[in-house]
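Letter by letter, the chains look like this.
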Amino acid sequence: MISRLFALLTELLLKLYQMNYRIVKITTYYKDFLSYYYERFPEVVSQSFDQQYAHLMQQRFAWSDAYAQAFMQQGNQASEIVANAMTLQNQWCEENNFKATDSNSILIAQLKQLQPDVVWFQDSYSYNGEFINKLKALIPTIKIAIGNCCSPISSKYYSDFKAFDFITVCAPYFKNLLEKKGLPECLIIPHAFDKRILKRVPAEAKQHDFLFSGSIILDQRFHEERIQLLENLVKAGVDINLLVNLNQNASKHLLVKQMAFFASKCLNKIGLSSVNKTIKPLQKVNRLDYMPSASKVSKALAQQIKSPVFGIDMFKEMALSKIAFNIHGDIAANFAANMRMYEATGAGTCLLTDWKPDINDYFTDGEEIITYRNLDEATQKIKWLLSEPQELKKITEAGQRRTLNDHTFEKRAEMIDRKIKSLLFNLA
């Protein structure tokens, strides 16, 4: 009897790990990147959907199609949809004789065509709640809907996120927060590096001492600590190459946002909350828990900032830099979670990042990366690394080895794959 049960269990486990599925990951790209991309490559608009898609993915922006490739290596069918790349999406409509009413109608039509078993929404702030329920009703093949959270989340989203079967998060902070609020199980999936990038970056001598490439989000004081540290580095005379996406519109439109926020709260109090759902400017601010605010940058820091670069162009800049600087947003709390950690080390740059209690779970501090706890320590370590080229080279190479061994999309996809197969097995 026991041997029979053991044989049955073995058979079931084999079926579980041999089970393949169709997965579609849906995301949206930063508007600044899309503007940058289409200005740089205007010729792509005349190409076919498949050609446009391939070219866009070759830019290696954000996660690109790295997860789709990793899932396919596991034997699954995988696709990637960039829902707000409207030039690309409109080309799909033209080739499929589809008359769109809005961007969501295109997405639904694409999913109907692909008939996935699993949908994964990287941008779960745009797609959640009733939209997920609607998808499952319209496309019965969808058995699992996965959400994603790795940025500040308002409590107004909690109920909508309950539509997901599980949620991927990039740090324990989000898992602790969301599960404590009664949301679905959260699976910690740290960011990763796409090894295909190394085929496109130059193996040349380093040209820059120090690089910070990223965003400064003024809205809601999201990068307050980052701004302060960069201000101090500029004041200290550190030669830093700043390729920054500075969202100055946050300050320009702050008063309008504050007025809209005040109006939405007044409407809620007098029993007219339905108005907030019908007037577009009120829809977003109605989800906020606090009055909109914004940080400011000094003239000295603003003068140091150069135009941002994205995707493969950013990785080329990293590969040509001796040290890449990272600082987490305040939301990260005590957890190391930034994508920049893996981008920099993977591209072959020495990572200087703010210390977090769990940093050694990902990299060995002092051997594979360098950390700092305050401005003085950051400045000292920059000067030390630049004065010790052999030590700098040793740490850079060790950091890249660690990333290429442990922090790839293939490794992360294995974690997600196990969870998906477990859920599909239970459903079956």
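All of the points below concern the structure found in this document. All of these numbers come straight from a predicted model, not from anything done at the bench.

Thresholds, definitions, all that
- Residues numbered from 1 in each chain as written.
- Predicted model: local features only at pLDDT ≥ 70, side-chain atom pairs only at ≥ 80, totals over all residues.
- Heavy atoms only, no water.
- Buried < 20%, exposed > 50% of the residue type's maximum accessible area, 1.4 Å probe, protein only.
- Helix = DSSP H or I, 4+ residues; strand = E, 2+ residues; numbered from the N terminus.
- Pairing = 2+ DSSP bridges.
- Contact = heavy atoms within 4.5 Å.
- Axes fitted to C-alpha atoms, helices over the stretch in contact; angles between N-to-C directions.
- Parallel < 35°, antiparallel > 145°, perpendicular 65-115°, else oblique.
- Left-handed = near helix turned anticlockwise from the far one by under 90°.
- Nonpolar A, V, L, I, M, F, W, Y, C, P; charged D, E, K, R; others polar.
- Phe/Tyr/Trp six-rings, centres within 6.5 Å; stacked < 30°, edge-to-face > 60°.
- Lys NZ or Arg CZ within 6 Å of the ring centre and 35° of its normal.
- Polar contact = N/O pair within 3.5 Å; in protein donor to acceptor, adjacent residues only side chain to side chain.

A separate point is the pairing of strand E1 (residues 22-27). Consecutive side chains along a regular strand alternate between the two faces of the sheet. Summarising burial for E1: five of the six residues are buried, a large majority. With six bridges joining them, E1 and strand E2 (residues 77-82) adopt parallel strand pairing. Paired with Val 24 across the two strands is Ser 79, which belongs to E2. As paired elements, E1 and strand E3 (residues 118-121) share four bridges and run parallel to each other. Counted as the bridge partner of Lys 25 is Trp 120 from E3.

Attention now goes to helix H3 (residues 49-57). Here H3 has its buried residues at Phe 49, Gln 52, Tyr 53, His 55, Leu 56 and Met 57. Looking at the packing, one finds that the buried side of H3 touches helix H2 (31-40), E2, helix H5 (86-95) and helix H6 (103-114).

Turning our eyes to something else, we now look at unusual backbone geometry. The general pattern is negative phi for most residues beyond glycine and trans for most peptide bonds. Unlike most non-glycine residues, Ala 62 shows phi in positive territory, near 55°. Structurally, Ala 62 can be placed in the loop between H3 and helix H4 (66-73). If you check the backbone angles, Ser 64 has positive phi at about 45° while not being a glycine. Here Ser 64 is to be found in the loop between H3 and H4. Overall, Ser 64 belongs to the buried group, its relative accessible area being 2%.

Attention now moves to the packing of helix H10 (residues 224-235) against helix H18 (residues 375-387). Where H10 meets H18, the closest approach of the two axes is 10 Å, and the angle between their N-to-C directions is 50°. Taken together, H10 and H18 sit at an angle that is classed as oblique. Considering how the two elements wind past one another, H10 and H18 form a crossing that is right-handed. Here Leu 229, Asn 232 and Leu 233 of H10 come into contact with H18, specifically with Leu 375, Thr 379 and Ile 382. When its residues are assigned to classes, the contact of H10 with H18 shows four nonpolar, two polar and no charged.

Think of a pair of aromatic rings as described by two things: how far the centres are apart, and how the planes are tilted against each other in angle. Overall, the coordinates contain 32 aromatic pairs when judged by the stated rule. For the pair Tyr 29 and Phe 33, a centre-to-centre distance of 5.6 Å together with 75° between the ring planes defines the contact as edge-to-face. Accessibility assignment for this pair places Tyr 29 and Phe 33 in one class, buried. With a centroid separation of 5.2 Å and 70° between ring planes, the pair formed by Trp 63 and Tyr 67 is classed as edge-to-face. A relative accessible area of 9% means that Trp 63 is categorised as buried. Judged by its relative accessible area of 1%, Tyr 67 is buried. Taken together through their ring pairs, the aromatic side chains of Tyr 29, Tyr 30, Phe 33, Tyr 36, Tyr 37, Tyr 38, Phe 41, Phe 61 and Phe 310 make up a single cluster. A cation sits over an aromatic face here: Arg 373 above Trp 355, 3.8 Å from the ring centre. Stacked on the ring of Phe 166, the Lys or Arg Lys 419 has its end atom at 5.9 Å from the ring centre.

Along the chain, Asn 338 falls in the loop between strand E10 (321-326) and helix H17 (340-347). Asn 338 sits in the buried class, given a relative accessible area of 18%. Within the structure, the side chain of Asn 338 is placed 3.3 Å from the backbone oxygen of Ile 327, a separation counted as a polar contact. The residues contacting Asn 338, other than those within four sequence positions of it, are His 191, Arg 226, Asn 326, Ile 327 and His 328.

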